[in-house]
Amino acid sequence: MRLPFAILLITGAAWAAPQVVSLRTVPAEATLKGAEATQQFLAIAKYSDGSERDVTSEAEWRVSNPGLAKFISAARVAPAADGTATLTASFSGTQARSALRIQEAHTVHPVSFTREISGVLTKRGCNSSICHGGVKGQGGLKLSANALYPKDDYDWITKGGAYQVLTAEVKGKRVPRIDTANPEKSLLLLKPTMGVAHGGGKRFDVDSEDYKTILGWIRDGARYDDGSGAAQARIDRLDAFPKTAVMPADGVHHLLVTAHFTDGHTEDYTHQALYTSNNGDVASVSGDGVVTAKGRGETAVLVRAAGQIATVGVGIRGPVLADYPKVTRWNFIDDFVFEKLHRLQIIPSEVSSDSEFLRRVCLDLTGTLPPPARVREFLASTDSHKREKIIDALIGSPEFVDYWTFRFAEIFRVAIFANGLSPKWSEEYWEWIRSNVEKNRPYDQVARERISVEGYSPAARHFLPYNQIGAPGDTMAEEVRVFMGRRLDCAQCHNHPYENWSQDQFWGMAAFFSRLFKVGPVVIDHPTNMDLSSKDVGGSLDLLHPRTKVAVKPALLDNSSLNLAPDGNPRKELARWMTSHPYFAEAAVNRIWGQFFARGIVDPVDDFRSTNPPTHPELLAALATDFREHGYDLRHLMKTIVSSRTYQLSHRPNATNREDVTNYSRSLARGLDAEVLLDAVADVSGMPETFTTAVTDGAAVGQAPVGTRAIQLRDPDTFFSRFLELYGRSNRGAIPERNSKPNLGQALHVLAGSTYVERLGGQEGRLSRLLKEGARDEKIFEEFYLAALSRPPSSTEVSDLKTILAQRSDREAGLREFVWALISSREFAENH
Amino acid sequence: MPSRRSFLNVGSLGFLGLTLREYLSAAKGPENGKANSVILFWLEGGPSHIDTWDPKPNSNFKPISTNVAGIQISELLPKMAKHMDKFALVRSMHTKGNDHPQATHYAITGHEVNPAMQFPSLGSIITKEMGPRNAVPAHVLVPKWDRTRQYEDYFRASFLGGEYDPMCIPDPGKPGFEVTDLSLPKTVSQAAVEGRSAFLQAVDKQYRSLDETAQHTNMDAYTSQALKMILTPRCATPSTLGRSLKRRRSGTGRIPSASPRFWRAGWWKPEAGLSLRPAITATPGTPTAITIRAIATNLRRRSTAL
């Protein structure tokens, strides 16, 4: 009897197949200048269900005047004669047109190293970071990754010699890698064609275009530029179309890459760029920029040419849903998040229940669980604005101040050994951080003070690890990572292998910290006209570039101009530049976002790089703009985030979003951080933790006041706590990267560790109080559920628990086991 | 087996795409057999190298010859001198700073202290590359510091992941020794531990039915392993680990085959090492001397080609 039903389904599906509604060609107009210019075109069809599809290889392409332009492949034209023409694409009954202008169709410009040869080196992978573009190069030949430094590449090729990482000196004799007398015998041609042994294998054939280009270049005198005498226009940026490609599981999408030059003109670079996919299991990309879907998920395709990088976000969606629901939006965050979910055909979960929301927002804003009385109040309230009101109540509360002081103390690194080896100085540093949080000081002011501070000031304490001034490179790398979210570290010893940071840039930035000097706890910039050094304290004012051994002058990353007084504090300029740079707002916003969700928009939150693009670039930009426009107000930012519907979604998955972990289609459970978890255990059991310092042979040397919470510990590394160690408390010797993944030590501790055992055997605490009051079992269960999970137990849970309890001969012992189970459960230990 | 010097100098291999195992097998030296585990003696503030393995003219002690022609060590180590052919001596190790924590960090992680990045320790790297053996914790640290945690952190796994952190065990020589968290308190019976699981299942049922994650599965695996360790009589007090530690301390211990990959053992108090006052020789019974001797004896017993 199933057959008729099946037939109905099939005909129903066929009837619902979307129709092509319109077609467009990209680009809408193009200019071809010079004989070698080509232009790739794309045809995009729009369907009746709203989706778009790349139909470039399925459409029919025609040129209005074939004498002016010819097709060298399906949708790619090359010039034949000067003039204007129209390009038409036809697909499934629709048509689209682009305008084509051809100029200087017979002008051949000479091959230059910077344009053509660098292009071959990039496209054929010669200068990739696993080959000659790597840190040491290969076989003595060092090329700049992605042809970022063509002049250096030119020298290594035309003059020869072996590269050394740690010094600018050339190793060995210089034997040119090209042979102008016998061009075919050049190493540059023999190696990639396997004419001689080549570790990199065959990169192109002897009869290929690339071989002919290089051969011609050598024959013409191996010029660096094109000999026209004019200043060479370099590529300023690459534009990839589309910015994000969403396709079904069997989808294919062509990419179009346009290079924008410094003199304003543009060229089609689709076939000159190097394409790589970040995740081959999701999508692969061909050498010509055609992306093919492989499996569901999201990834990015990187487009590289001439030192520039562009990224294309790729999303492989499931089938188009017949009825994508209309999703309500509460603020601009929802606009971006839900729009992307719609394109990916993922439906967000429902809004969270009141108890889900209350527990989550209390933990995220204050690191503290709401007490049972508050939970009852909130759940019972019928006020339609109760969520807004609780958000306003939490922000700025004493627990809020404690919690965010703790978070910033981590990022800014409050620790005795990191703050001058003095408990007093470290305490003053902590007080400074706390007062910033309490007063809601604008974040850009905080950053400027921390970077440029001098004198006897608490904000300067992070400059004194082990009571010494840190190395300028390390100090600078920390500031850039904390405030700009970029990790320059690799560029300390050589040009960064993947990103565009050069070693020169690294040391130019480090030079801002090169005169940093201390006299006791007083941090100053060493004056240039006197020498304060003694036999104990080094007073070298010059920072030498480790490779070239030349003194480095302070230089900003983007080379913007500097106005440095010779004896002044150069860090003031650096701080001003850093806090007004777009990186500052986006890094700050991303870091805070990462505290409220399972991941940052860029994740890890301080690792912005081209190979790690943001999942929602427009959202990130909008949040950064909003942050800037509101005076870098952190509380405003937090309120905006928690007031969005995106934040308040439930953690319960639905059929479409179960596997989504990057698009905020639901709240994802995150383990509680060590300090928050310990405080929660103490709160629920009603027995506070005692923190003692420097325990020697059993004698406690110092104790934090009774009732101190873990997030209030000023200088955590001297308060020993086994629990906090096991759950991944950072030691603040470096920018903390918390790792609270489950491990064996945690499992052992939960079963037999002191934190739990002492609480279960204690005579004070919540359970003892309830027992003394003579509370019934149901009351005890309810009270503990409200305290730990912010919800009352369900009737099934109550009956299950009663059954288990009835099997215990000792009611009190049984209840203690119940409490243990509650504080060991996953629901308790996670924020969901 | 490549010399220990190159082992130390390997530094960060990550960007070359090599694992330590691949490096070790690629750097083929004389085939003397492969090490399967490491015991690291970390003498935090131990006796000076001038008075022990690197005799200098201004030392208070005289050098003596060893069973290797050309190598002399201090007269305080006569028994070791008889086994010198089994040791590779590195005398050129030095650090930039003269601060204990800085130097500890450098030696254990291979990197200077860097505020922008925390690096994993030697033990964690080995644990990650070689994995545990016979379900015993692969990375062990004994005794754990009772004072500040700072040094202990240098032995951690940082970005490699908390599962490669060392398991810290207290000083086996102290009275009342037991492996932390491995022994149930007297007040809790085995039945009670089993009973707790029933409550735990009841409490977590609703939550886990909604959203079973990889994290939960991992935690379950660790919990069952932990239960096994606590409830199995062999592992209960005194633990196998503890027993072998006690034995080693008295100089009679063997290195069991079911043992961690990486032991870090060390003592903080200077008197546990060698006295530096002139005219007083080393106390034969000190832990350092005993343990070194025990290890050397073990190595001799276990190796043929060494």
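So, how was this worked out
Residues numbered from 1 in each chain as written. Chains lettered and ligands numbered in written order. Predicted model: local features only at pLDDT ≥ 70, side-chain atom pairs only at ≥ 80, totals over all residues. Heavy atoms only, no water. Helix = DSSP H or I, 4+ residues; strand = E, 2+ residues; numbered from the N terminus. Buried < 20%, exposed > 50% of the residue type's maximum accessible area, 1.4 Å probe, protein only. Contact = heavy atoms within 4.5 Å. Areas by Shrake-Rupley, 256 points an atom, 1.4 Å probe, with all protein chains shown as cover. Lys, Arg positive; Asp, Glu negative; His and termini not counted. Charge placed at Lys NZ, Arg CZ, Asp CG, Glu CD. Pairing = 2+ DSSP bridges. Axes fitted to C-alpha atoms, helices over the stretch in contact; angles between N-to-C directions. Buried area = accessible area lost by both parts, 1.4 Å probe. Salt bridge = Lys/Arg side-chain N within 4 Å of Asp/Glu carboxyl O. Polar contact = N/O pair within 3.5 Å; in protein donor to acceptor, adjacent residues only side chain to side chain. Parallel < 35°, antiparallel > 145°, perpendicular 65-115°, else oblique. Left-handed = near helix turned anticlockwise from the far one by under 90°. Nonpolar A, V, L, I, M, F, W, Y, C, P; charged D, E, K, R; others polar. Phe/Tyr/Trp six-rings, centres within 6.5 Å; stacked < 30°, edge-to-face > 60°. Lys NZ or Arg CZ within 6 Å of the ring centre and 35° of its normal. Core = buried A, V, L, I, M, F, W, Y, C linked by side-chain atoms within 4.5 Å. pLDDT = per-residue confidence, 0-100.

*Asks:* Go over the overall build of chain A with me, naming the residues and quoting the values.
*Replies:* Regarding its fold elements, chain A presents 27 helices and 27 strands. When each of the 832 residues of chain A is scored for burial, the buried share is 55%. Here the analysis covers contacts within chain A between residues at least 6 apart in sequence; of these, 62% occur between residues at least 24 apart. Carbon and sulfur atoms make up 54% of the accessible area of chain A, which totals about 35,100 Å². Taking the average location of the 97 positive side-chain charges in chain A and that of its 101 negative ones, the two points are 2 Å from each other.

*Asks:* Quick rundown of the sheet that holds strand β19 (residues 297-305) of chain A? Include the residues and the values.
*Replies:* Two orientations exist for strands paired in a sheet by backbone hydrogen bonds: parallel and antiparallel. Residues and elements named next belong to chain A. Sheet architecture is open: four strands sit in the order β12-β20-β19-β16, paired in mixed fashion. Both outer strands of the open sheet, β12 (244-247) and β16 (274-277), are each paired with one neighbouring strand and no more. Neighbour-to-neighbour, the strand axes of this sheet turn through a mean angle of 20°, independent of strand direction. Here β12 pairs with strand β20 (residues 308-316) via four bridges, running parallel.

*Asks:* Please give an account of the interface of chain B and chain A that cites residues and values.
*Replies:* By convention, interface size is frequently given as the accessible area that disappears when the constituent parts associate. Listed per partner, the contact involves 61 residues of chain B and 68 residues of chain A. For the pair chain B and chain A, the summed buried area comes to about 6,000 Å², and 59% of that belongs to carbon and sulfur atoms. Our count for the chain B to chain A interface comes out at one salt bridge. Residue A:Asp800 is joined to B:Lys205 by a salt bridge in which the shortest nitrogen-to-oxygen separation is 3.1 Å. Seen at the junction of chain B and chain A, the total is six residue pairs in polar contact (both at pLDDT 80 or more).

*Asks:* Would you mind going over the sheet that holds strand β1 (residues 20-26) of chain A in detail, with residue names and values included?
*Replies:* Residues and elements named next belong to chain A. Here three strands make up an open sheet; going across it, the order is β1-β4-β5 and the pairing antiparallel. Of all the strands in the sheet, the pair left with one neighbour each is β1 and β5 (52-54). Taken over all neighbouring pairs, the strand axes of this sheet differ in orientation by 25° on average, direction set aside. Examined bridge by bridge, strand β4 (residues 42-47) and β5 share three bridges and lie antiparallel to one another. Bridging from a neighbouring strand, Ala45 pairs with Arg53 of β5.

*Asks:* I'd like to hear about the pairing of strand β18 (residues 290-293) of chain A, residue by residue, with values.
*Replies:* Across three bridges, the pairing between strand β13 (residues 252-254) of chain A and β18(A) is antiparallel. Across the sheet, residue A:His253 finds its bridge partner in β18(A), namely A:Val291.

*Asks:* Tell me what's going on with the side chain of A:Lys340, and back it up with residues and numbers.
*Replies:* Along the chain, A:Lys340 falls in helix α6 (residues 332-343). Those residues in contact with A:Lys340 that sit more than four places away from it in its chain are A:Glu298, A:Thr615, A:His616 and A:Asn663.

*Asks:* Any chance you could break down the packing of helix α24 (residues 777-789) of chain A against helix α26 (residues 811-824) of chain A for me, citing the residues and the numbers?
*Replies:* How two helices pack is summed up by the angle between their axes together with the distance between the axes. Residue and element names in this part refer to chain A. In contact at an axis separation of 11 Å, α24 and α26 are set at 20° when each is read in the N-to-C sense. Between α24 and α26, the crossing angle belongs to the class labelled roughly parallel. Relative to α26, the crossing made by α24 is right-handed. Judged by residue contacts, Asp777, Ile780, Phe781, Phe784, Tyr785, Ala788 and Leu789 of α24 engage Arg811, Leu815, Phe818, Val819 and Leu822 from α26. When the residues that make up the contact of α24 with α26 are grouped by side-chain class, the tally is ten nonpolar, no polar and two charged.

*Asks:* Help me get a handle on helix α2 (residues 113-123) of chain A, residues and values and all.
*Replies:* Residues and elements named next belong to chain A. Looking only at α2, the buried set comprises Phe113, Ile117, Ser118, Val120, Leu121, Thr122 and Lys123. In this structure, the buried residues of α2 make contact with α3 (150-158), α5 (209-219), β16 and β19. With its phi angle positive at about 80°, Gly125 sits one or two positions after the end of α2.

*Asks:* Give me the lowdown on the packing of aromatic side chains, citing residues and values where you can.
*Replies:* Residue and element names in this part refer to chain A. Enumeration over the complete set of coordinates arrives at 37 aromatic pairs over all chains. Taken together, a centroid distance of 6.3 Å and an interplanar angle of 50° make the contact between Phe400 and Trp404 tilted. Of this pair, Phe400 and Trp404 are both found in helix α10 (residues 398-412), four residues apart, which corresponds to roughly one turn of the helix. Assigned by exposure class, Phe400 and Trp404 land together as buried. Ring centres 5.3 Å apart and planes at 75° place the aromatic pair Tyr403 and Trp404 in the edge-to-face group. For the residue pair Tyr403 and Trp404, the accessibility class agrees, reading buried in each case. In this structure, Arg450 packs its charged tip against the face of Phe412, placed 4.4 Å from the ring centre. Geometry around Tyr583 places Arg486 over its ring, the cationic atom sitting 3.4 Å from the centre.

*Asks:* I'd love a proper account of the nonpolar core, names of residues and values included.
*Replies:* The biggest cluster of nonpolar side chains holds 162 residues, and the ones touching the most others in it are A:Phe408, A:Phe412, A:Tyr443, A:Phe596, A:Phe818 and A:Phe828. Top contributing element to this core by residue count: α10(A), with nine residues. If sequence neighbours within four positions are ignored, A:Phe818 has contacts with A:Ile780, A:Phe781, A:Phe784, A:Tyr785, A:Leu801, B:Phe199 and B:Val203.

*Asks:* How would you summarise the pattern of salt bridges if you had to cite specific residues and measurements?
*Replies:* Residue and element names in this part refer to chain A. Taken as a whole, this structure holds 60 salt bridges over all chains when the rule is applied. With its nearest N and O atoms 2.6 Å apart, the salt bridge here joins Arg487 to Asp606. A residue pair is termed long-range when its members are at least 10 positions apart, and Arg487 in the loop between α13 (472-484) and α14 (503-510) and Asp606 in the loop between α16 (582-596) and α17 (617-629) qualify at 119 residues. You can call Asp606 buried: its relative accessible area is 5%. As a salt-bridge pair, Arg808 and Glu817 come within 2.9 Å of each other at their nearest N and O atoms. For Glu817, a relative accessible area of 9% gives the class buried. Salt bridges sharing common partners tie together Arg376, Arg766, Lys779, Glu782 and Glu783.

*Asks:* Explain the packing of α13(A) against α16(A) to me, using residue names and the numbers behind them.
*Replies:* Residues and elements named next belong to chain A. Viewed as axis vectors pointing N to C, α13 and α16 meet at an angle of 70°, and their least axial separation amounts to 7 Å. In terms of axis orientation, α13 runs roughly perpendicular to α16. Contacts from Arg481, Val482, Phe483 and Met484 of α13 reach α16 at Tyr583, Phe584, Ala587 and Arg591.

*Asks:* With reference to specific residues and values, describe the environment of A:Val206.
*Replies:* Residue and element names in this part refer to chain A. Within the secondary structure, Val206 is located in the loop between α4 (187-190) and α5. Distance from Val206 to Ser799, taken between C-alpha atoms, is 80 Å for residues 593 residues apart in sequence. Every residue in contact with Val206, bar those within four places of it in the chain, is listed here: Thr193 and Tyr211.

*Asks:* Describe α3(A), with residues and values.
*Replies:* All names here are of chain A. The buried fraction of α3 amounts to seven of the nine residues, a majority that puts the element mostly inside the structure. Listing the buried residues of α3 in full gives Pro150, Asp153, Tyr154, Asp155, Trp156, Ile157 and Thr158. Positive phi shows up at Gly160, right after α3, with a value of about 85°.

*Asks:* Could you give an account of the environment of A:Asp354, naming the residues involved and the relevant values?
*Replies:* Residues and elements named next belong to chain A. Here Asp354 is to be found in helix α7 (residues 354-366). In the structure, Asp354 is positioned 33 residues away from Arg387 in sequence and 8.5 Å away in space, judged by C-alpha atoms. Excluding anything up to four places from it in sequence, Asp354 contacts Phe378, Leu379, Lys386 and Arg387.

*Asks:* Outline the confidence of the model for chain B, listing residues and values.
*Replies:* All names here are of chain B. For chain B, the average pLDDT comes to 67, and 56% of its residues sit at 70 or higher. Confidence scores differ between elements of chain B, with helix α1 (residues 4-9) showing the lowest mean pLDDT of 37 and strand β2 (residues 63-65) the highest of 93. In this model, residues 1-19 is a region of pLDDT below 50 whose contacts with residues beyond four sequence positions or in other chains number 25 contacts. Scored below 50 in pLDDT, residues 245-258 makes 35 contacts in the model with residues more than four places away or belonging to other chains. Reported confidence for the predicted complex is 0.75 by ipTM and 0.80 by pTM.

*Asks:* Go over the pairing of β4(A), please, and point to the residues and values.
*Replies:* Along a regular strand, successive side chains alternate from one face of the sheet to the other. Residue and element names in this part refer to chain A. Of all the six residues making up β4, five are buried; the element is thus mostly covered by neighbouring parts of the structure. Pairing analysis gives six bridges linking β1 to β4, with the strands arranged antiparallel. Looking at β4, one finds that Val26 is bridged to Leu42. Linking two consecutive strands that pair antiparallel, namely β4 and β5, is a turn of four residues; a positive phi of about 95° is found at Gly50 within it.

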